[in-house]
Amino acid sequence: QKCLQVVGPNMPELVGGSADLTPSNLTNYKEVSDFQKDTPIGRYIRFGVREHGMVAVTNGIFAHGGLRPYCATFLVFSGYCMGAIRLSALSKFGIIFVMTHDSIGLGEDGPTHQPVETLSSLRVLPNLNVWRPADMIETAAAYQSALERRETPTVIACSRSGVAALELATREKALKGAYAVIEEASPDLIIVSTGSEVGASMKAAAKLKEDGMKVRVVSMPCQEIFFEQPVSYQRELLPGNVPTLSVEASAVYGWQHLSHDQIGMIEYGRSGSGKDVFAFFGFTPENITSQAAAMVKFYKDAGTVPDLYLRPPSCNVLRQH
């Protein structure tokens, strides 16, 4: 909402709204008025509970030209409009999709509202950037990236809960798709994470440091943009031959080519407080610390760490530039 508050008044072509979830999506702002029969100059659209129709309408608005549309719902409900989102990507329509309540952390609404496979489903779509920012700075970077890329639609998946500001975060760093939030020149371990789990990963790194382990923590708000970076940057940040653990409260699919082990979801969520559900599935500093230490020991005992970049030249899993 703070990002839209800055952008909206200075971008008169920006129009959009929510699928009956404005109080939760926070996609309106002070100066904007509703688009209605009596107020046709309004730029905020109350789409109602019709996610597919909402995205179809924004596709039409973009295709018409002259306006830049955005729309919003809960992340899990993107399944209702996946066909229309796919059309956005296929048609090179730079629409902004604001998808809040982005993980099992939303809690009491239960598994029906907790996205598990959703981020993976979106990430496999060609020409779609999927952002999962960890703080306000990364969110601002997500909006900047989305607005600058007119031919690529963008999903901005936001947490329901509050997140702490990252000390080393800058828009310039976040616009590379991934960067170190805890730097270590010669790490024994790398933890790569997104969204609300970045904070827990940093706490785990602090505990591991007390035990004598050198840990780099990487925030990766957007995989697609990270893969656009020169391979030299990719390998500098994630060397591939250092034990790497990914942490994301979502399906582990897709993280295997970026990490040696994953803390993620392999089943549906549970109903309970967000804190309790996160603890149940192991998204806590304590469990991250334990699993990370076990992984480092495993590869130490094995005597070698598989290089994640050691693939045939024809392999397009890692897009090298």
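Residues numbered from 1 in each chain as written. Predicted model: local features only at pLDDT ≥ 70, side-chain atom pairs only at ≥ 80, totals over all residues. Heavy atoms only, no water.

Some words on the pattern of salt bridges
Within this structure, the stated rule accounts for ten salt bridges. With its nearest N and O atoms 2.8 Å apart, the salt bridge here joins E248 to R123. With a gap of 125 residues between them, E248 in strand 10 (residues 244-251) and R123 in helix 5 (residues 118-123) connect regions that are remote in the sequence. Pair check on accessibility: E248 and R123 agree, each one buried. We note a salt bridge from K297 to D301, for which the minimum N-O separation is 2.8 Å. Residue K297 and its partner D301 are located together in helix 12 (residues 285-302), separated by four residues, close to a single helical turn. With respect to burial, K297 and D301 carry one shared label: exposed. (Salt bridge = Lys/Arg side-chain N within 4 Å of Asp/Glu carboxyl O. Helix = DSSP H or I, 4+ residues; strand = E, 2+ residues; numbered from the N terminus. Buried < 20%, exposed > 50% of the residue type's maximum accessible area, 1.4 Å probe, protein only.)

As for the pairing of strand 6 (residues 154-158)
For strand 6, the tally of buried residues reaches five of five residues, placing the bulk of the element in the interior. Because side chains alternate across strand 6, one face comprises the buried residues T154, I156 and C158, and the other comprises V155 and A157, equally buried. One ladder, built from five bridges, connects strand 4 (residues 96-100) with strand 6; its direction is parallel. What sits directly across from T100, in strand 6, is C158. By the bridge criterion, three bridges tie strand 5 (residues 129-131) to strand 6 in an arrangement that is parallel. Within strand 6, the residue paired with N129 across the bridge is T154. The β-α-β motif built from strand 5, the intervening helix 6 (residues 136-148) and the parallel element strand 6 has right-handed crossover chirality. (Pairing = 2+ DSSP bridges. Right-handed = clockwise from strand over helix to strand, strands pointing away.)

With respect to the sheet that holds strand 2 (residues 44-46)
Two orientations exist for strands paired in a sheet by backbone hydrogen bonds: parallel and antiparallel. The strand order across the open sheet built from six strands is 2-1-3-4-6-5, with neighbouring strands paired in parallel fashion. Among the strands making up the open sheet, the edge pair consists of strand 2 and strand 5. On average, adjacent strands in this sheet sit at an angle of 20° to one another, irrespective of strand direction. Its contacts with the sheet place helix 3 (residues 51-64) against strand 1 (14-18), strand 2, strand 3 (68-74) and strand 4, and it is angled at close to 170° to strand 3. (Axes fitted to C-alpha atoms, helices over the stretch in contact; angles between N-to-C directions. Contact = heavy atoms within 4.5 Å.)

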